[in-house]
Amino acid sequence: MPSARTRSMPAPPRAFTNVAPAEEVHPEVGRGRTLLSIFRAQPRQLPMRIEIMERHPLGSQAFVPLVSEHGLMPFLVVVGPPDPESAECDTSKLRAFITDGRQGVNYAPGTWRHALLALDRVCDFLIVDRGGDLPN
């Protein structure tokens, strides 16, 4: 019998979204579902200018770094409070934290934050997020 041969395939796409949906219903915001996704963050050069902040008002969002063959992958977390008058992000009060690569982050609903910021090399994350009919 001939033997099977294997070969390496190219790297997969950067994101795999909605890989394990779970339904949920909240009377005040309608039907929603839990999304599990994998996101690949590209390393950023520091110093960098923070230009865009985002938030998800209807659900929390958790990011858990996945260990790679390179070991732990510290990443940068940037958060800011809402401005009391406009509800937009108060950029004068932004705070940045460097994780140790073992810590995940769970942002409460409505938390202003920057997108994932890998530091030294590409870093994969498991993301637990909310999806649904209303924009989040």
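Structure's up top.
These figures come from a predicted structure and were not determined experimentally.

Asks: What should I look at first to understand the layout of surface pockets in this one?
Replies: The method is simple in principle: a probe with the dimensions of a water molecule rolls over the atoms, and the space it marks as empty is what remains. In this structure, the largest pocket encloses a volume near 180 Å³. Along the wall of the largest pocket there are 14 residues; nearest its centre are Phe-39, Gln-61, Phe-63, Arg-113 and Ile-127. Sorting the residues of the lining of the largest pocket by element identifies β3 (30-41), β4 (61-65) and β10 (123-132) as the ones contributing at least two each. When its residues are assigned to classes, the lining of the largest pocket shows 8 nonpolar, 3 polar and 3 charged.

Asks: Is there a simple way to think about the environment of Ser-68 in this case?
Replies: By the element assignment, Ser-68 lies in the loop between β4 and β5 (75-80). Note on Ser-68: relative accessible area 24%, which makes it partly exposed. Taking the C-alpha atoms as reference, Ser-68 lies 8.0 Å from Asp-124; in sequence the two are 56 residues apart.

Asks: What exactly am I supposed to notice about the pattern of salt bridges here?
Replies: Two side chains that carry opposite charge are able to pair once their charged atoms sit near each other. Under the criterion given, the structure shown has 5 salt bridges. Glu-51 is the partner of Arg-49 in a salt bridge, and the nearest nitrogen-oxygen pair spans 3.6 Å. Given a relative accessible area of 66%, Arg-49 falls into the exposed group. Among the ionic pairs, Arg-113 bridges to Glu-54, the shortest N-O distance being 2.5 Å.

Asks: Could you clarify how one ought to interpret unusual backbone geometry in this entry?
Replies: Backbone geometry follows two general trends: most residues other than glycine have a negative phi, and most peptide bonds adopt the trans configuration. A cis amide bond links Leu-46 to the next residue, Pro-47, at an omega of 0 degrees. Among the structural elements, Pro-47 can be located in the loop between β3 and β4. Despite not being glycine, Ala-87 has its phi angle at roughly 70 degrees, a positive value. Within the secondary structure, Ala-87 sits in the loop between β5 and β6 (95-98). Here Ala-87 falls in the partly exposed class, since its relative accessible area comes to 34%.

Asks: Looking at this model, I keep getting lost on the environment of Gly-131. Mind explaining?
Replies: Relative to the helices and strands, Gly-131 is located in strand β10. Here Gly-131 falls in the buried class, since its relative accessible area comes to 8%. Excluding residues that lie within four positions of it along the chain, Gly-131 makes contacts with Gly-32, Arg-33 and Leu-35.

Asks: Help me understand the nonpolar core, please; the structure alone is not making it clear to me.
Replies: Side chains that are nonpolar tend, in soluble globular proteins, to be buried together. By size, the foremost hydrophobic cluster in this structure holds 13 residues, and its most contacted members are Phe-63, Val-77, Tyr-107 and Phe-125. Taken together, the elements giving at least two residues each to this core come down to β5, β7 (105-107) and β10. For Phe-63, the contacting residues outside a window of four places in its chain are Gly-104, Val-105, Tyr-107, Arg-113, Leu-116, Phe-125, Leu-126 and Ile-127.

Asks: What should I look at first to understand the side chain of Gln-61 in this one?
Replies: Its place among the elements puts Gln-61 in strand β4. In this structure Gln-61 comes out as buried when scored by relative accessible area, which is 6%. At 2.5 Å, the side chain of Gln-61 and the side chain of Arg-113 are in polar contact. A distance of 3.0 Å separates polar atoms of two side chains, one belonging to Gln-61 and the other to Asp-129. Sequence-distant contacts of Gln-61, defined by excluding residues within four places in its chain, comprise Glu-54, His-56, Val-105, Asn-106, Tyr-107, Arg-113, Ile-127, Val-128 and Asp-129.

What counts as what
- Residues numbered from 1 in each chain as written.
- Predicted model: local features only at pLDDT ≥ 70, side-chain atom pairs only at ≥ 80, totals over all residues.
- Heavy atoms only, no water.
- 1 Å grid on protein atoms, 1.4 Å probe; cavity = no way out; pocket = protein on both sides within 12 Å on 5 of 7 lines; lining within 4 Å.
- Points joined across faces, edges and corners; volume = space filled by probe spheres on them.
- Helix = DSSP H or I, 4+ residues; strand = E, 2+ residues; numbered from the N terminus.
- Nonpolar A, V, L, I, M, F, W, Y, C, P; charged D, E, K, R; others polar.
- Buried < 20%, exposed > 50% of the residue type's maximum accessible area, 1.4 Å probe, protein only.
- Salt bridge = Lys/Arg side-chain N within 4 Å of Asp/Glu carboxyl O.
- Contact = heavy atoms within 4.5 Å.
- Core = buried A, V, L, I, M, F, W, Y, C linked by side-chain atoms within 4.5 Å.
- Polar contact = N/O pair within 3.5 Å; in protein donor to acceptor, adjacent residues only side chain to side chain.

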